[in-house]
Amino acid sequence: MKIGMIGLGKMGLNLALNMVDHNIEVFGYDAYLKLDVKNENKDIVYKESLKEVVDALTPPRIIWVMVPAGVPTTMVIDELMTLVDKKDIIMDGGNTRYTESIERAKKLKEKDIFFLDVGTSGGQGGARNGACMMIGGEKEAYDIVKPLFLAIAKENGFDYMGESGSGHFVKMVHNGIEYGMMQAIGEGFDLLEASPFDLDYKKVSKVWANGSIIEGLLMDMVQSAMNKDPKLSTIIGRVDDSGEGQWTVEEALKFKVSIPVIAQSLFSRYKSKDDHKFSEKVVAAMRNEFGGHKVYKK
């Protein structure tokens, strides 16, 4: 099997190496490829343009796009659309909003080009050693690509979700759930930190990561981080978001589904980036006005 991999960043490169491990020939392209990456990973056949990748593959071509969602993905797929043939398969493994994938699939179908939206989870380790994948699109295209998923996914870690957009929709909700789980773990450690006990978080995270109800990949990552820096003293508590938490909340509002934990975890991320804390200033001012409570000033 031959695959074109567009985008050799943290996820794309690890997926490509995973494919190589399974005797899949990978033709890779990344406009911003670093020389050291190329020198250290010589089993990938590097190309200098999208056209070179397309020309290296034989129909029906399978091309996996793994670039940032939004404009970069649109630019890549729009160019690929002019280069591939009918019945070729373009897959988007990034965190694209599912509504964009629905429209993209319609656009490609007009040209008789298959499109699969592949929600990809598991982080860099999963991409390298066994990813989790949620796939939407035409079943005919999925059946053609299924041997690839069987090779590089974790056992039972992939399946066909349904029509175009469903893969990215399921991945969006997955990421919303992830927000809530991460927030709960963070709040738990916050309470441990405030306790009267001199706790060793390397030990706590080790125990919680082995046999507890809350064990799992996220707790494994906590353990890894604590082993490197037991008090996380080098990290600033500012949490960015990829946009999928916001999309999940927006879809919940649209469908009138209550998801308070996910919504609050998203708002907590926003608050972590608030250096001005104006709302807290307003609350402090009100307490001072009605009750003469103390106000802390610069």
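Undergrad: Summarise the packing of aromatic side chains; cite the residues concerned and give the values.
TA: For any pair of aromatic rings, the description consists of the separation of the ring centres together with the inter-plane angle of the planes. Under the criterion given, the structure shown has eight aromatic pairs. Plain terms: the ring middles of Tyr 142 and Tyr 160 are 5.1 Å apart, the flat faces sit at 35 degrees to each other, and that makes the pair tilted. Pair noted here: Tyr 142 is in helix 7 (residues 139-152) and Tyr 160 is in strand 8 (residues 153-162), with a separation of 18 residues, a long-range link. On the basis of relative accessible area, Tyr 160 is assigned to the partly exposed category, the value being 24%. The aromatic ring of Tyr 160 is capped on one face by Lys 139, whose charged end is 5.9 Å from the ring centroid.

Undergrad: So what's going on with the side chain of Ser 265? Residues and values would help.
TA: Tracing the chain through its elements places Ser 265 in helix 12 (residues 260-272). Residue classification places Ser 265 among the buried residues on the basis of a relative accessible area of 1%. Of note is the side chain of Ser 265, whose polar atom sits 2.7 Å from the backbone oxygen of Ile 262. Excluding anything up to four places from it in sequence, Ser 265 contacts Tyr 179, Gly 180 and Gln 183.

Undergrad: Any details on the nonpolar core? Residues and values, ideally.
TA: Ranked by size, the top nonpolar core spans 34 residues in total, and within it Met 19, Trp 64, Met 91, Met 133 and Phe 149 carry the most contacts. Broken down by secondary-structure element, the contributors of at least two residues to this core are strand 1 (2-6), helix 1 (10-21), strand 4 (62-65), strand 5 (89-92), strand 6 (114-121), strand 7 (131-137), helix 7 and strand 8. For Met 133, the residues in contact, after removing those within four places along its chain, are Trp 64, Val 118, Gly 119, Thr 120, Phe 149, Ile 152, Ala 153, Gly 157, Phe 158 and Asp 159.

Undergrad: Quick rundown of unusual backbone geometry? Include the residues and the values.
TA: Omega for the bond connecting Pro 59 with Pro 60 falls within 30 degrees of zero, at -10 degrees, which places this linkage in the cis form. Mapping Pro 60 onto the fold places it in the loop between helix 3 (50-56) and strand 4. Even without glycine at this site, Asp 112 takes up a positive phi of about 60 degrees. Mapped onto the fold, Asp 112 is located in the loop between helix 5 (98-109) and strand 6. Judged by its relative accessible area of 30%, Asp 112 falls in the partly exposed class.

Undergrad: Which residues make up the pattern of salt bridges, and what values go with them?
TA: In this structure the tally under the stated criterion is 17 salt bridges. Close ionic contact of Asp 21 with Arg 128 constitutes a salt bridge, the shortest N to O distance being 2.5 Å. With Asp 21 in helix 1 and Arg 128 in helix 6 (residues 123-129), this residue pair connects regions lying 107 residues apart in the sequence. Arg 128 sits in the partly exposed class, given a relative accessible area of 24%. Between Asp 85 and Arg 61 there is a salt bridge whose closest N-O contact spans 2.8 Å. Of this pair, Asp 85 sits in the loop between helix 4 (71-81) and strand 5 while Arg 61 sits in the loop between helix 3 and strand 4; the two residues are 24 residues apart in sequence, bridging distant segments of the chain. When its relative accessible area of 37% is taken as the criterion, Asp 85 is described as partly exposed. A single network of salt bridges, built from pairs that share partners, joins Arg 97, Glu 250, Glu 251 and Lys 254.

Undergrad: Could you give an account of the environment of Phe 278, naming the residues involved and the relevant values?
TA: Secondary-structure assignment places Phe 278 in helix 13 (residues 278-291). Residues Phe 278 and Val 20 lie 258 residues apart in sequence; the distance between their C-alpha atoms is 52 Å.

How each quantity is defined
Residues numbered from 1 in each chain as written. Predicted model: local features only at pLDDT ≥ 70, side-chain atom pairs only at ≥ 80, totals over all residues. Heavy atoms only, no water. Phe/Tyr/Trp six-rings, centres within 6.5 Å; stacked < 30°, edge-to-face > 60°. Helix = DSSP H or I, 4+ residues; strand = E, 2+ residues; numbered from the N terminus. Buried < 20%, exposed > 50% of the residue type's maximum accessible area, 1.4 Å probe, protein only. Lys NZ or Arg CZ within 6 Å of the ring centre and 35° of its normal. Polar contact = N/O pair within 3.5 Å; in protein donor to acceptor, adjacent residues only side chain to side chain. Contact = heavy atoms within 4.5 Å. Core = buried A, V, L, I, M, F, W, Y, C linked by side-chain atoms within 4.5 Å. Salt bridge = Lys/Arg side-chain N within 4 Å of Asp/Glu carboxyl O.

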